[in-house]
Amino acid sequence: MMPYYTLPFVYFDRKNIMPPAAPPMNVPPIQPEQSPMMQFTPTFMPPPSQLGIPQMPVMQMPMQQMPMAQQPLMNQPTIPVCPYTGMPVSPDMGDMVQIDDAWDMDEKDMPGTSSPGDPPPVLSNNPAVVNIVLFKELTAYPNYGNPSGNADILYTGNRGVWTFMLPAFLSVPGILRAEIIIRAVLDDHTTPVRDYSARITINNTVVHNGPLALEHGVPAGGRFTNWRPLTFNVPNLRRNNRVIIQNTSHAAPNDWMAFDWMEMRFTTR
């Protein structure tokens, strides 16, 4: 049996880093030869062979080597690999990895939509033409207009003024030309059409003076369906364009003409 030894120790409080100072004690010094710490003889355990304990043989584990990546043979076929996931794909899925090529085809490479035997399409590819429109809806009277249901009305002897203010990017002189389209119709009365006339002025220039190529509105009392466009060129195109219409008809005071909308169309010269 191994001898039992004890060692003196001192308890330190965890809350304090340094141990508390102990009061001095008058303890007689202990000689080295009398100290219980020095009065022992170390003992050594004999090897197991001397104690009669059989010694177990040491087993030698074979060292395994990491498998090396095999290089493909020259004539051995390679398995296709998806460039996005890195996973091998079967031979019948080889077309699925060609994703970007499908979007790079030109229009001439796209398959046709017509069935075999159908006649070829008849197409054209004319150059695009600049066409800018300033539209003005006329809504003074709540009837007769189509499809808005509203329209402006000029009785015999009346005079009306409408303006078209151009945006800044359209105010470059000499580049665009413009025309005014006025959608108009006569009233639904029984006065002869030949008695109706008007004088139309655009930017202080008279563009029309006399009878109008219009008819009486139908159906009577409802939204007219026979509106006609009146088209005039715009002389002296400017930033603020004025359209003046004077009803010069030789009709009764209650006879009138109506205007559904106006628009100014621009095209390049």
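Residues numbered from 1 in each chain as written. Predicted model: local features only at pLDDT ≥ 70, side-chain atom pairs only at ≥ 80, totals over all residues. Heavy atoms only, no water.

Draft legend 1. Spotlight on the pairing of strand β3 (residues 159–165). Here β3 shows a clear split, with Gly160, Trp162 and Phe164 buried on one side and none of Arg159, Val161, Thr163 and Met165 buried on the other. Strand direction decides the pairing type here: β3 and strand β8 (residues 240–247), joined by 7 bridges, are antiparallel. Following the sheet pairing, Met165 is matched in β8 by Asn240. (Buried < 20%, exposed > 50% of the residue type's maximum accessible area, 1.4 Å probe, protein only. Helix = DSSP H or I, 4+ residues; strand = E, 2+ residues; numbered from the N terminus. Pairing = 2+ DSSP bridges.)

Draft legend 2. Looking closely at the sheet that holds strand β6 (residues 205–211). Strands sit in the order β3-β8-β5-β6 across an open sheet of 4 strands; the sheet is antiparallel. Lying at the two open borders of the sheet, with one neighbouring strand each, are β3 and β6. Ignoring strand direction, the axes of neighbouring strands in this sheet form an average angle of 15°. Bridge count for strand β5 (residues 197–202) against β6 is 6 bridges, and the pairing is antiparallel. When the bridges of β6 are listed, Ala198 appears paired with Gly210. (Axes fitted to C-alpha atoms, helices over the stretch in contact; angles between N-to-C directions.)

Draft legend 3. Focus on the pairing of strand β4 (residues 176–186). A large share of β4 lies buried, amounting to 9 of its 11 residues. Taken together, the 11 bridges between β4 and strand β9 (residues 256–268) define a ladder with antiparallel strand orientation. Along β9, the bridge assignment pairs Ala184 with Phe259.

Draft legend 4. Molecular detail of the nonpolar core. In this structure, Ile182, Ile245, Phe259 and Met264 are the most contacted members of the largest nonpolar core, which totals 29 residues. Of all the elements, β4 adds the most residues to this core, at 6 residues. With near-sequence residues (within four places) excluded, Ile182 lies in contact with Arg228, Pro229, Leu230, Phe232, Val243, Ile245, Phe259, Trp261 and Met262. Listed in part, the 8 residues of the second largest apolar core include Ala151, Ile153, Val185 and Phe224. (Core = buried A, V, L, I, M, F, W, Y, C linked by side-chain atoms within 4.5 Å. Contact = heavy atoms within 4.5 Å.)

Draft legend 5. Quick look at the pattern of salt bridges. One pass over the full model with this rule turns up 2 salt bridges. Between Arg183 and Asp260 there is a salt bridge, with its nearest N and O atoms 2.6 Å apart. Note that Arg183 is positioned in strand β4 and Asp260 in strand β9, a separation of 77 residues in sequence. As far as burial versus exposure is concerned, Arg183 and Asp260 are alike and both buried. Residue Arg265 is joined to Glu263 by a salt bridge in which the shortest nitrogen-to-oxygen separation is 2.4 Å. (Salt bridge = Lys/Arg side-chain N within 4 Å of Asp/Glu carboxyl O.)

Draft legend 6. Layout of the side chain of Asp255. Within the secondary structure, Asp255 is located in the loop between β8 and β9. Looking at Asp255, its side chain comes within polar contact range of the main-chain nitrogen of Ala252, at 3.0 Å. Excluding residues within four positions of it along the chain, Asp255 makes contact with Leu154, Tyr155, Thr156, Asp187, His189, Thr191, Tyr196 and Asn247. (Polar contact = N/O pair within 3.5 Å; in protein donor to acceptor, adjacent residues only side chain to side chain.)

Note that all results are geometric; they support no functional claim without further evidence.
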